[in-house]
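A look at the structure
Here is what each chain is made of, one letter per residue.
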Amino acid sequence: MEKIQNYINGQLIEPVSKKYLDNYEPATGQVYSLVPDSDSSDIQLAVEAAKTAFPLWSKTGLEDRMMILLKIADGIERRLEEFVAAESRDNGKPLKLARAMDIPRAISNFRFYASAVQHFSSESHPMPGGTVNYTLRQPIGVVGCISPWNLPLYLFTWKIAPALATGNCVIAKPSEITPYTAYLLSTVCIEAGLPAGVLNIVHGLGGKTGQAIIEHPEIKAISFTGGTETGKRIAATAAPMFKKLSLELGGKNATVVFADCDFEEAVKESVRSSFSNQGEICLCGSRIFVERGIYEKFKTAFVEKVKALKVGDPNEQSTDQGAIVSLQHKQKVLSYIQLAKEEGGEVLSGGIELQLKDRCTGGYFIAPTVIEGLDYKCRTQQEEIFGPVVTLTPFETEDEALTMANSVKYGLASSIWTNNLKQAHRVSEKIEAGIVWVNCWLLRDLRTPFGGVKASGVGREGGWEAMKFFTEAKNVCIKA
Ligand code: TXE
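**Quick notes on the site of the ligand**
Inspection of the region around the ligand gives 28 residues, with Trp-149, Glu-176, Thr-230, Lys-332 and Glu-384 positioned closest. Side-chain polar atom of Trp-149 to an oxygen atom of the ligand: 2.5 Å apart, as the coordinates give it. Within the backbone of Leu-249, one N or O atom sits 2.8 Å away from a nitrogen atom of the ligand. Notes on the ligand: free accessible area 810 Å², of which the protein chains cover 87%. Secondary-structure elements contributing two or more residues to the shell around the ligand are helix 7 (206-215), strand 11 (221-225), helix 8 (228-238) and helix 11 (327-342).

Now the structure itself:
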């Protein structure tokens, strides 16, 4: 069985303990490779390598850093199909989605930050009398990047690229559930000539390897994406150590559909925003609120489209929805469908586990599920499910829509469908979310800030925000 290796000090190596974990393919339920079960001794090796590499890397010219990041991007692109197959096999997502979204976006992350860092500037404030204050932005040193399983390489590189571009050395941990593309990235970094120790990828469990990163006193900043409960734990450990923290956590995003919207577009995009990547994107809309006047029409059209989605082998071109990422996560999603029924919800579509044939007999599949008739305050409408489950709820007024949309503890993203410009501005202002899409979903310019409010996290990623996060601002005041 193939053994994934850690990437420490420029080398692919075994974990110190020589212990490994099983890596499952969710579409088949079979183990297909082994992941290092790393611990604090592997993190220690990685930190030592990163500390040694830092003085040179942080002083490497911007153009040289840019060239290496571009080489990494080119290296992924050259091996595109290998990455696409690995991302789909690890996560269960359709191959065509990994090809259209995940891997191209990982390439863009490196290209974007290779370029962005050339244009990153800082402020200067002249005082009367000729004294000048200027802001010196310096890399932090050794930083930690921890990413989840839903968009494995996409989110991993979204953190690593700005950290490296700004001159930091990185200790990165992908999710233990989806480690393979991070492993492939290690091999690309070696091919691209990234100096040893600049990036170290250490695999393993969250509570062990991840926790060792959080606790390490010489890792000065943590960029994390994952569940809200994990985020709380990380903050509890890292905050008293005064580490810089960026936490991108869960969501329970609202889609608000007003009667005057472009109906066909709203239905089509709401299906996409609910079920893309099996509903396992933190930006997926999982609560759809529809203005009463078009509720029945919307419901009929929406359910018809959802029933037409094909759940199947991720490798097949015709598959719209692949496998749920793990057995444990499948049980969690199914338990919420059961809860929805107990809370009085009516299942309009799906609501069941699917048994596929042949290669996928042992895989984890759930039919795309639409539920109506639930009070907006019930658990199904309040808690993050993070799977192919969406609720439909009618509303009478804009105020009522906002009350329901804002009733959850989360505040990551939202979509609003309306042709009324004033309403679009008003609702965008009042909705409690870090991202508001009006008449679209998942469109994003990489220069914009990304992140949530409330229990969806603290800090912002993207564009300048990420480069500010990965640098310390020092004010230098020179008296004339
Ligand atoms: O994520 P975890 P899990 C939500 C979703 C899901 C729930 C739990 O609702 O059902 O979170 O998922 C690492 N110190 N999201 O348990 O545990 C872990 O190894 C340091 C939303 O799979 O948060 C992995 O690399 N690291 C989310 C990463 O954290 C730790 C995407 C995320 O795993 C750690 C994923 C610790 N103590 C799940 N414990 C989104 N918003 O995109 C775990 N990890």
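**Observations concerning a nonpolar patch on the surface**
A contiguous nonpolar patch, built from Tyr-134, Leu-136 and Ile-478 and spanning about 230 Å² of accessible area, is present on the exposed surface. Within the secondary structure, Leu-136 is located in strand 7 (residues 132-139). Classification of Leu-136 as partly exposed rests on a relative accessible area of 31%.

**What about the nonpolar core?**
Counting residues in each nonpolar core, the largest one holds 96 residues, and the members touching the most others are Ile-72, Ile-160, Ile-171, Leu-185, Leu-199 and Leu-283. When residues of this core are assigned to their parent elements, the largest contribution, 13 residues, is made by helix 4 (residues 95-119). Here this core spans two domains, since at least three of its residues come from each of domain 1 (2-249 + 456-479) and domain 2 (253-446). Excluding residues within four positions of it along the chain, Ile-171 makes contact with Ile-43, Ala-46, Val-47, Ala-50, Val-142, Val-143, Gly-144, Cys-145, Asn-200, Val-202, Ile-213 and Ile-219. Ranked by size, the runner-up nonpolar core spans 20 residues in total, among them Val-257, Val-271, Val-370 and Val-390.

**A look at unusual backbone geometry**
Positive phi, close to 55°, is recorded for Asp-358, a residue that is not glycine. Relative to the helices and strands, Asp-358 is located in the loop between strand 16 (353-354) and strand 17 (365-366). Of the residues examined, Asp-358 reaches a relative accessible area of 68% and is grouped as exposed. Despite not being glycine, Lys-454 shows a phi value in the positive range, around 55°. Checked against the element boundaries, Lys-454 lands in strand 23 (residues 453-454). On the basis of relative accessibility, which here comes to 37%, the residue Lys-454 falls in the partly exposed class.

**Things to note about the environment of Leu-151**
As for its position among the elements, Leu-151 is in the loop between strand 8 (142-146) and helix 5 (152-165). Assessed through its relative accessible area of 3%, Leu-151 is described here as buried. Once residues lying within four places of it in the same chain are set aside, the contact partners of Leu-151 are Glu-87, Lys-93, Met-101, Asp-102, Phe-156, Asn-277 and Ile-281.

**Details of the domain arrangement of the chain**
The domain architecture assigned to the chain consists of domain 1 (2-249 + 456-479) and domain 2 (253-446). Using C-alpha coordinates to define each centre, domain 1 is positioned 30 Å away from domain 2. Between domain 1 and domain 2, the residue contacts involve 34 residues of the former and 33 residues of the latter. Of all residues in domain 1, the largest losses of buried area upon contact with domain 2 belong to Lys-96, Trp-149 and Ser-456, amounting jointly to 21% of the total for that side. One can count two salt bridges joining domain 1 with domain 2. For Lys-96, the salt bridge is made with Asp-320, and the minimal N-O distance between the two is 3.7 Å. Applying the counting rule to domain 1 against domain 2 returns twelve residue pairs in polar contact (both at pLDDT 80 or more).

**As for the pattern of salt bridges**
Two side chains of opposite charge can pair, provided their charged atoms sit close to one another. Taken as a whole, this structure holds 27 salt bridges when the rule is applied. Across the salt bridge formed by Lys-208 and Asp-37, the nearest N and O atoms sit 3.2 Å from each other. Of this pair, Lys-208 sits in helix 7 while Asp-37 sits in the loop between strand 5 (30-36) and helix 1 (40-59), and the two are 171 residues apart along the sequence. Owing to a relative accessible area of 9%, Asp-37 belongs among the buried residues under this scheme. In this structure, Glu-296 and Lys-299 form a salt bridge, with 3.4 Å as the shortest nitrogen-oxygen distance. Of this pair, Glu-296 and Lys-299 both sit in helix 10 (residues 292-307), three residues apart, which is roughly one turn of the helix. Connected through shared salt-bridge partners, Glu-265, Lys-268, Glu-269 and Arg-272 make up one network.

About the cut-offs
Position numbers for residues count from 1 along each chain, tracking the sequence in the order it is written. Totals for whole chains, interfaces and linings use every residue, but because this is a predicted model, local features are given only for residues with pLDDT of at least 70 and side-chain atom pairs only at 80 or more, for both listing and counting. Hydrogens and water molecules were not included; the side-chain quantities draw on all heavy atoms of the structure. A molecule or strand has a residue near it when one of that residue's heavy atoms lies within 4 Å. Pairing of N or O atoms within 3.5 Å defines a polar contact, subject to two protein rules: one partner must be a possible hydrogen donor and the other a possible acceptor, and residues neighboring in sequence count only if both atoms are side-chain atoms. Computed with a 1.4 Å probe, the accessible areas rest on the Shrake-Rupley method; for each residue, only the protein chains presented here act as cover. Each helix corresponds to a stretch of at least 4 residues labelled H or I by DSSP, and each strand to a stretch of at least 2 residues labelled E; elements are numbered beginning at the N terminus. A residue counts toward a patch only above 30% relative accessible area and without a salt bridge, and it is joined to like-charged neighbours within 9 Å or, for Val, Leu, Ile, Met, Phe, Trp and Tyr, to nonpolar neighbours within 5 Å. Salt-bridge detection follows one rule: a side-chain nitrogen of Lys or Arg within 4 Å of a carboxyl oxygen of Asp or Glu. Each residue is placed in one exposure class: buried if its accessible area under a 1.4 Å probe, protein chains only, is under 20% of its type's maximum, exposed if it is over 50%, and partly exposed if it falls in between. Only buried Ala, Val, Leu, Ile, Met, Phe, Trp, Tyr and Cys residues count toward a nonpolar core, and they belong to the same one when joined by side-chain atoms within 4.5 Å. For the purposes of this description, domain bounds are those given by an automatic or database domain assignment. It only takes one pair of heavy atoms within 4.5 Å for two residues to be counted as in contact. Buried surface area refers to the total accessible area, computed with a probe of radius 1.4 Å, that the two partners give up upon joining, counted for both partners together.

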